[in-house]
Every structure is written in C-alpha cells, then in structure tokens.
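# Summary of the model geometry
Residue strings, one per chain:
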Amino acid sequence: MSVDPPGLNPHWSPDGTRIAFENRGSGAPFFLRSADGSDAAVPIDAPGLNPALQSWSSDGRSLLYQISGATTDRDLWTVSVDGARNAAPLIATRFFEGGGSLSPDGKLVAWVSSETGVNQVYVQSHPAGTGRVQVSVDGGVEPVWSRSSKELFFRLDDKMLSVPVSTTPSLSVGTPTVLFEGRFEFYGGARPNYDVSPDGQRFLMLRAVETPSTDAWLVYIADWPQLLVDKRPVTLPGSRPQ
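The paragraphs below set out a description of the structure included in this document. (Residues numbered from 1 in each chain as written. Predicted model: local features only at pLDDT ≥ 70, side-chain atom pairs only at ≥ 80, totals over all residues. Heavy atoms only, no water.)

## Here we look at the overall build of the protein chain
Scanning the protein chain from terminus to terminus reveals one helix and 19 strands. Considering only intrachain contacts with a sequence separation of at least 6, the fraction spanning at least 24 residues in the protein chain is 33%. Working note: accessible area of the protein chain is about 14,100 Å², and carbon and sulfur atoms make up 53% of it. (Helix = DSSP H or I, 4+ residues; strand = E, 2+ residues; numbered from the N terminus. Contact = heavy atoms within 4.5 Å. Areas by Shrake-Rupley, 256 points an atom, 1.4 Å probe, with all protein chains shown as cover.)

## A look at unusual backbone geometry
The linkage connecting His 126 with the following residue, Pro 127, adopts the cis geometry, with an omega of 5°. The residue Pro 127 is located in the loop between strand S11 (120–125) and strand S12 (133–134) in this model. In this model, Asn 50 sits at a positive phi of 55°, which is unusual for a non-glycine residue. In this structure, Asn 50 sits in strand S5 (residues 49–56). Assessed through its relative accessible area of 53%, Asn 50 is described here as exposed. The backbone of Glu 142 shows a phi angle near 55°, a positive value even though the residue is not glycine. Positionally, Glu 142 belongs in strand S13 (residues 141–145). (Buried < 20%, exposed > 50% of the residue type's maximum accessible area, 1.4 Å probe, protein only.)

## Topic: the nonpolar core
By size, the foremost hydrophobic cluster in this structure holds 16 residues, and its most contacted members are Val 123, Val 135, Trp 145, Leu 152 and Val 165. Within the residue set of this core, elements represented by two or more residues are strand S10 (108–113), S11, S13, strand S14 (151–156) and strand S15 (159–166). Among the nonpolar cores identified, the runner-up in size contains 12 residues, and Phe 30, Ala 46, Trp 56 and Ile 67 belong to it. (Core = buried A, V, L, I, M, F, W, Y, C linked by side-chain atoms within 4.5 Å.)

Following this line, the structure appears as structure tokens:
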C-alpha cells in the first residue's frame with residue numbers, strides 16, 4: 001500500500017488539473033498529483049540544497065524553484081516535470097534570489113534580489129533572460145503576476161503595490177502604486193504568502209493576529225449552585241482572594 005508524502009506550499013498547474021507541492025520528508029523534494037486525487041503522487045527530483053517551490057511555467061512543463069547555492073546565497077532553478085526531468089539554473093548570482101514568479105503568458109520572470117543591499121523586485125524576459133528591469137523603488141518582496149501578465153503585484157512592509165508591465169515594443173515597467181495597506185503575514189520574501197483572483201480585484205491573504213495583552217483563562221468551577229447558596233467567594237487564576 002502506497003502512502004502519500006507529507007506536503008506543503010501547494011501550487012496549481014496553469015490548467016488547474018495538477019498540484020505541485022513540497023515534501024519535507026524523505027525522498028524527492030517535490031511531488032505532483034492530479035487535483036482530483038485520482039492518482040498517486042509522482043516524485044520530482046530537483047538538484048540543489050534546500051529546494052523550495054516557487055512557480056509553474058505557463059505551459060505546465062516545468063517548475064521554478066529556489067536553492068541554497070554552494071558558493072552563493074540563494075539561486076533560482078527550473079526542472080522539467082515530464083520526460084528526462086532536466087534541471088538548470090535560471091538566475092544565479094552571488095546575491096540572494098528568491099520569490100521567483102513566471103508570468104502566465106510565459107514571456108517574463110519576476111524575482112527578488114539583494115544586489116543593491118536591499119531586497120528589490122526585478123523582471124526580465126523569459127526564457128531569453130534579457131532586458132532586466134528593476135520594478136520596486138524603495139524595496140519590495142513577494143511578486144505575483146496578474147492573469148493578464150500586464151500587471152505585477154508586490155509587497156513593501158504593510159503595503160500592497162501594483163505596477164504595469166509591458167513587453168511592447170520592449171520590456172518596460174511603470175511607477176509602483178500603493179493599492180492598500182494592512183497587517184498581513186509575511187513569509188519572508190522567499191515566496192509569496194498571498195494570491196490574487198483571476199480578475200485582479202481580490203486578494204487572498206493571512207491577517208496578522210495581535211497578541212492579547214492579558215492572558216485568557218478557561219476556568220471550571222465545580223458545584224457552582226451551592227456556591228451561590230453559601231455566597232462563598234471564588235478565587236480565579238491570577239486574582240487576589242476577596
């Protein structure tokens with residue numbers, strides 16, 4: 001009897017028929033499975049230290065993932081999910097590269113780099129790897145493409161920003177605009193911790209929970225009807241007897 005591997009960080013395939021996810025147990029770092037659960041999970045071997053899933057390619061034939069480089073900080077690689085399962089570096093420098101996101105039209109890749117000393121969002125052509133453009137101005141992480149590939153979202157502290165992107169006649173980006181602000185959970189820049197609806201009008205995010213200033217207690221009081229009759233005081237945890 002086969003046992004499904006433990007999984008996290010799921011990613012839908014572009015056609016919505018498959019799910020890729022990370023495996024933090026033994027064996028292959030990634031697995032694929034039909035979205036309806038009709039087949040067994042298929043292992044995807046991916047070379048590199050601490051591989052972390054980032055994005056699907058637009059044709060559904062490869063995965064973008066991040067690794068810890070042997071002589072670099074973090075790098076972005078791709079691995080094919082069919083056939084020979086070939087793997088190759090996509091963006092690999094001595095700086096941190098993470099938050100990789102391939103555009104739905106397959107023409108661009110967005111990512112985060114620490115090259116300037118501050119995490120900034122960049123885009124360049126894909127797969128040619130030419131025409132690199134810095135998107136963010138004062139820093140940014142967690143880039144996510146709109147379904148049209150004409151808009152890129154990213155985060156800066158509590159702000160969600162949007163920037164128009166064009167590939168005609170050549171790659172260019174507009175000025176980032178703040179869409180809204182709020183206390184939402186970060187993952188740390190390695191990958192997005194939110195998603196955008198197909199129409200680009202709604203965001204699925206995890207709201208940060210404020211830590212209560214006082215402890216909450218669940219107290220069980222035995223024989224409370226008799227306490228009312230006797231009018232005896234009850235001392236709760238953390239309180240002083242009256």
